[in-house]
Amino acid sequence: MAEPTHPTRITLTEEGPALVTGPVELALPDGTIVRSDRAVTAVCHCRRSRRYPICDASHRRKERA
């Protein structure tokens, strides 16, 4: 496998998803592999997404105290 020309970038957002640059494969605990070929993939870490592990912005509906 060829070495990437630059490292994969993961940007952690304050109250939203982790943004992964480039194509990505996500390995879920049950062994399922989810692949995204988008230039930037939003990966859900709040587990509110109906498309989990891909973020659908469901975290925006959370009520703040």
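Report follows, based on the coordinates. (Residues numbered from 1 in each chain as written. Predicted model: local features only at pLDDT ≥ 70, side-chain atom pairs only at ≥ 80, totals over all residues. Heavy atoms only, no water.)

A few points about the pattern of salt bridges
Step number 1: Evaluated as defined, the whole model comprises two salt bridges.
Step number 2: For the salt bridge of E25 with R35, the shortest nitrogen-to-oxygen distance reads 3.8 Å. In this pair, E25 is assigned in strand 3 (residues 24–27) and R35 in strand 4 (residues 33–36), connecting sequence segments 10 residues apart. For the pair shown, E25 and R35 are each scored as exposed.
Step number 3: As a salt-bridge pair, R35 and D37 come within 2.9 Å of each other at their nearest N and O atoms. The pair R35 / D37 is uniform in exposure class, with both members exposed.
Step number 4: Three or more residues are tied together by salt bridges with common partners; here these are E25, R35 and D37. (Salt bridge = Lys/Arg side-chain N within 4 Å of Asp/Glu carboxyl O. Helix = DSSP H or I, 4+ residues; strand = E, 2+ residues; numbered from the N terminus. Buried < 20%, exposed > 50% of the residue type's maximum accessible area, 1.4 Å probe, protein only.)

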